Amino acid sequence: MENNILIVYKSVTGFTRKYAESAAAELGCHCVEQKNVSPLDVPNGGTLVFGGRLHAGKLDGLKQALSLYRNSQAQRLVVFATGASPAGFEDITREMWKNNLGPELLDSVPHFYLPAGLRYDGMGFADRLMMRALHGFMRRKKDKTEYELQLQRMIAGSYDISSPEYLTPLLRLLRNGA
Ligand SMILES: Cc1cc2nc3c(=O)[nH]c(=O)nc-3n(C[C@H](O)[C@H](O)[C@H](O)COP(=O)(O)O)c2cc1C
């Protein structure tokens, strides 16, 4: 068992949990839900990995993950975000990380975006309402960018674009010197 890494995740509809569990199985380390973790669970001098979903551009649970990290004895923090956007929209992903991590964490915290999908049946009422509003807004919007056109088509229903291959860069980093 790899005891130098702990993966902590926050997941509502299961995509992030699945990625976190796959990564933990690959690395042979523990993975635990954010609501069940305390700073004492984080390995001394080790790596804390946090994974969460994107929620209207924000990485859900990041604030709590930063506070867990600061209260722990971990030496390194690595984060990953799952979302509905497909791979390949590098500019949008870069902007998202800039907004979430801010200038001081952007360079010091390795970060990865993992395309996942949407699962309407697992969402809460407020989330479903937000998605419906976003879909309506997208439909009415004029002069849509390629990203907006794709998003509008995709968010009409549930879909799963997750794939184990998206974990490769994260696993590579963690295997090399965690
Ligand atoms: C209200 C709402 C807002 C969302 N906002 C974004 C977003 O800004 N960017 C994105 O890529 N995905 C967005 N998503 C999609 C989720 O991030 C995606 O489904 C995620 O993988 C869910 O993770 P989970 O299954 O672990 O809860 C949003 C989903 C909901 C319900």
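All of the points below concern the structure found in this document. What you see as residue numbers is a count from 1 along each chain, following the sequence as written. Given that the model is predicted, a residue must reach a pLDDT of at least 70 before its local features are reported, and side-chain atom pairs must reach 80 or more before they are shown or counted; all residues, however, enter totals for whole chains, interfaces and linings. Hydrogen atoms and water are omitted, and side-chain values are computed over all heavy atoms in the structure.

**So, the site of the ligand**
Here is step 1: We call a residue near a given molecule or strand whenever any one of its heavy atoms falls within 4 Å of it. The environment of the ligand is made up of 23 residues, and the closest members are Ser 11, Thr 13, Thr 16, Leu 54 and Gly 117.
Here is step 2: Separating an oxygen atom of the ligand from a backbone N or O atom of Leu 54 is a distance of 2.6 Å.
Here is step 3: Any pair of N or O atoms that falls within 3.5 Å is considered a polar contact. Within protein, one atom must be able to donate a hydrogen and the other to accept it, and sequence-neighbouring residues count only if both atoms are side-chain atoms. Contact between the ligand and Ser 85: an oxygen atom at 3.1 Å from a side-chain N or O atom of the residue.
Here is step 4: In isolation the ligand has 640 Å² of accessible area, and contact with the protein removes 91% of it.
Here is step 5: Under the scheme used here, helices are H or I runs from DSSP no shorter than 4 residues and strands are E runs no shorter than 2 residues, and both carry numbers assigned from the N terminus. For the shell around the ligand, the secondary-structure elements that each account for two or more residues are helix H1 (15–27), strand E3 (47–55), strand E5 (76–83), strand E7 (117–118) and helix H4 (125–140).
Here is step 6: Each residue is assigned to one class: nonpolar for Ala, Val, Leu, Ile, Met, Phe, Trp, Tyr, Cys and Pro, charged for Asp, Glu, Lys and Arg, and polar for all the others, Gly among them. Of the residues in the shell around the ligand, the class split is 11 nonpolar, 10 polar and 2 charged.
Here is step 7: There are two domains that each give the shell around the ligand at least three residues, and those are domain 1 (5–119 + 160–175) and domain 2 (120–157). Per-residue accessibility takes into account occlusion by the displayed protein chains alone, with areas from the Shrake-Rupley method and a 1.4 Å probe. Start and end points for every domain follow an automatic or database-based domain assignment.

**A word on the nonpolar core**
Here is step 1: Joining through side-chain atoms within 4.5 Å is the link that ties buried Ala, Val, Leu, Ile, Met, Phe, Trp, Tyr and Cys residues into a set, and such a set is a nonpolar core. Each residue is placed in one exposure class: buried if its accessible area under a 1.4 Å probe, protein chains only, is under 20% of its type's maximum, exposed if it is over 50%, and partly exposed if it falls in between. Within the largest apolar cluster, 21 residues are counted, with the highest numbers of intra-cluster contacts made by Val 8, Leu 48, Val 79 and Trp 97.
Here is step 2: Of all elements in the fold, only strand E1 (5–9), E3, helix H2 (62–71), E5 and helix H3 (90–108) reach the threshold of two or more residues within this core.
Here is step 3: The contact definition used throughout considers only heavy atoms, calling two residues in contact when any of these lie within 4.5 Å. With residues near it in sequence (within four places) discarded, Val 8 still touches Val 32, Glu 33, Gln 34, Val 37, Leu 48, Val 49, Phe 50, Gly 51 and Leu 68.
Here is step 4: Among the nonpolar cores identified, the runner-up in size contains 20 residues, and Ile 7, Cys 29, Leu 114 and Leu 174 belong to it.

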